[in-house]
Amino acid sequence: MKKHNFSAGPCILPQSVLKKASEAVINFNGLDLSLIEISHRSKDFVEVMDSARALALEHLGLHNKGYQALFLQGGASMEFLMVAYNLLEKKAAYLNTGTWADKAIKEAKLFGEIVEVASSKDQNFNYIPKNYSIPADADYFHCTSNNTIFGTQLKRFPETDATLVCDMSSDIFSRVLDFSKFDLIYAGAQKNMGPAGTTLVVIKESILGRVSRAIPSMLDYKVHIAKESMFNTPAVFPVYVSMLTLQWLKDMGGIPAIEKINNQKADLLYSEIDRNPLFKGFVTENQDRSNMNATFNLTNEAVKDSFDAMWKEAGINGLNGHRSVGGYRASMYNALPLESVQVLVDVMKELERKS
Ligand SMILES: *Cc1c(COP(=O)(O)O)cnc(C)c1O
């Protein structure tokens, strides 16, 4: 029996996608060749790249709207510096909501002046700062839509004229948003889309070309766009699996359909955390709680050993919290079925009965 996989990343992918991907490793498209032993310039792989890029834009409602989708390497962490390299001339504004935002700020500081418009670092990032203002002369504003480690999520994005850049690594394709408000979105594949090794970058082309510095080819979004995301050998397997996941999502009814299920999963778990006296949530305000990563702890450490034994016994994997938060983290990405959340909630209820 497959485990109930609550891992934060790399994480669960749809079982049907894993099956197709494993078949393609042996015999891709009936070619009697493996996907990973053919040229990335072959017609069969170029089709994969083209359809992965098209599906990403289609899901986000950004097809034919001046956006380009790229599948790059180096992880979301590479985008921390690529964003600044390509967009930061003088000054940029950043919202600091967690470890990843903090790292993005650190990289961007190498390229210009960074204004941290607000930060929740004072409370170990257990809330989303509100009521900040973005300097009018900022080259762009950068935020993190979902804070994977702390379990907070931006439910609203600031109304701003500034170029809007967002790290959506851990909640892309999970909820309906007006994606056309964003000028650049990036997301490492391994949270909600595919295996580690590729990063989706969606860029409004008109924001490029504004900085005066020379940009090395591999770090230049314009080069990757001109080469249709094939400037050098792309991560063929991660791109293929991402394409399969995007196809799976489309067959399910797209983002609106998955959002409904994601809301059900989050409601089910958070209701139990709120109801069960043995548990408490990490995030202080309910409106800031993430639908992807729920962070919580026990109110009584004496039952920790029993709880840990019980969820492992129930076939649950990946529930331990990040070391900077402690406690537990249940990651409920798109591919996690509602039944897995029910199994966890049943264990929590059982713990209460036994205690
Ligand atoms: C995991 C994660 C990252 C880092 O991704 P890498 O691909 O490991 O570089 C960045 N931002 C967010 C929000 C993440 O969840």
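Residues numbered from 1 in each chain as written. Predicted model: local features only at pLDDT ≥ 70, side-chain atom pairs only at ≥ 80, totals over all residues. Heavy atoms only, no water.

We now examine the UniProt feature "domain: Aminotransferase class V" (unreviewed entry) in the chain. Look at the UniProt record and you will see "domain: Aminotransferase class V" (unreviewed entry) annotated at residues 5–344. Summarising residues 5–344: 34% helix, 17% strand, and an end-to-end C-alpha distance of 11 Å. (UniProt positions renumbered as here; feature names shortened; annotations may be inferred. Helix = DSSP H or I, 4+ residues; strand = E, 2+ residues; numbered from the N terminus.)

Below, the discussion takes up the site of the ligand. Near the ligand, the surroundings consist of 13 residues, among which S77, T148, D167, Q190 and K191 are the closest. Here A76 contributes a backbone N or O atom positioned 3.0 Å from an oxygen atom of the ligand. Here an oxygen atom of the ligand sits 2.4 Å away from a polar atom, N or O, in the side chain of T148. Relative to its unbound accessible surface of 380 Å², the ligand loses 88% to contact with the protein. With 4 residues, helix α3 (residues 75–87) is the largest single contributor of residues to the shell around the ligand. Tallied by class, the residues present in the shell around the ligand amount to 3 nonpolar, 8 polar and 2 charged. (Near = heavy atom within 4 Å. Polar contact = N/O pair within 3.5 Å; in protein donor to acceptor, adjacent residues only side chain to side chain. Areas by Shrake-Rupley, 256 points an atom, 1.4 Å probe, with all protein chains shown as cover. Nonpolar A, V, L, I, M, F, W, Y, C, P; charged D, E, K, R; others polar.)

Quick look at the layout of surface pockets now. Reported here for the largest pocket is a volume of approximately 290 Å³. Lining the largest pocket are 14 residues; nearest its centre among them are I128, P129, K130, R156 and F157. For the lining of the largest pocket, the residue count by class is 7 nonpolar, 3 polar and 4 charged. Taken as a whole, the second largest pocket holds about 160 Å³ of empty space. (1 Å grid on protein atoms, 1.4 Å probe; cavity = no way out; pocket = protein on both sides within 12 Å on 5 of 7 lines; lining within 4 Å. Points joined across faces, edges and corners; volume = space filled by probe spheres on them.)

Here we come to the side chain of N96. Looking at where N96 falls in the secondary structure, it is placed in strand β3 (residues 91–96). According to the relative accessible area criterion, N96 is buried, its value standing at 0%. For N96, the side chain forms a polar contact with the side chain of D102, separated by 2.8 Å. Apart from the residues within four sequence positions on either side, N96 is in contact with A101, D102, I105, E116, A118, S119, S120, F125 and P129. (Buried < 20%, exposed > 50% of the residue type's maximum accessible area, 1.4 Å probe, protein only. Contact = heavy atoms within 4.5 Å.)

The strands making up a sheet associate through backbone hydrogen bonding, with each pair oriented either parallel or antiparallel. The strand order across the open sheet built from 3 strands is β11-β12-β14, with neighbouring strands paired in antiparallel fashion. Only two strands of the sheet have a single partner each, and these edge strands are β11 (279–281) and β14 (328–331). Sheet twist, expressed as the mean angle between neighbouring strand axes with direction ignored, is 35 degrees. Here β11 runs beside strand β12 (residues 293–298); their pairing, made up of 3 bridges, is antiparallel. Across the sheet, residue G281 finds its bridge partner in β12, namely F296. This element, helix α8 (residues 304–313), spans β11, β12 and β14 of the sheet and lies at about 25 degrees to β14. (Pairing = 2+ DSSP bridges. Axes fitted to C-alpha atoms, helices over the stretch in contact; angles between N-to-C directions.)

Here the focus is the sheet that holds strand β8 (residues 164–167). Taken together, 7 strands build an open sheet; the order of strands is β2-β10-β9-β8-β5-β3-β4 and the sheet is mixed. Lying at the two open borders of the sheet, with one neighbouring strand each, are β2 (67–72) and β4 (113–119). On average, adjacent strands in this sheet sit at an angle of 15 degrees to one another, irrespective of strand direction. As paired strands, strand β5 (residues 141–144) and β8 are joined by 4 bridges and run parallel to one another. The residue bridging C143 from the neighbouring strand is C166, located in β8.

Moving on to the UniProt feature "binding site: L-glutamate" (unreviewed entry) in the chain. The UniProt record marks R41 with the feature "binding site: L-glutamate" (unreviewed entry), using the residue numbering of this structure. With respect to the helices and strands, R41 occurs in the loop between α1 (15–26) and α2 (43–60). Those residues in contact with R41 that lie beyond four places of it in its chain are V46, M230 and F231.

In this section: the domain arrangement of the chain. Along its sequence, the chain is organised into domain 1 (15–252) and domain 2 (254–354). Relative placement of domain 1 and domain 2: their C-alpha centres are 27 Å apart. At the junction of the two partners, domain 1 supplies 30 residues and domain 2 supplies 28 residues. Overall, the association of domain 1 and domain 2 removes approximately 2,300 Å² of surface from exposure, summing both partners, and the carbon and sulfur fraction of that is 53%. If you look at where domain 1 meets domain 2, you find 2 salt bridges. Here K130 ties to D288 by a salt bridge, and the two come within 2.9 Å at their closest N and O atoms. Connecting domain 1 to domain 2 are 18 residue pairs in polar contact (both at pLDDT 80 or more). Those elements that place two or more of their residues in the side of domain 1 that touches domain 2 are α2, β7 (152–153) and α6 (236–252). Ranked by residues supplied to the side of domain 1 that touches domain 2, first place goes to α6 with 4 residues. Of the residues belonging to the side of domain 1 that touches domain 2, the class tally is 13 nonpolar, 11 polar and 6 charged. (Domains from an automatic or database assignment. Buried area = accessible area lost by both parts, 1.4 Å probe. Salt bridge = Lys/Arg side-chain N within 4 Å of Asp/Glu carboxyl O.)

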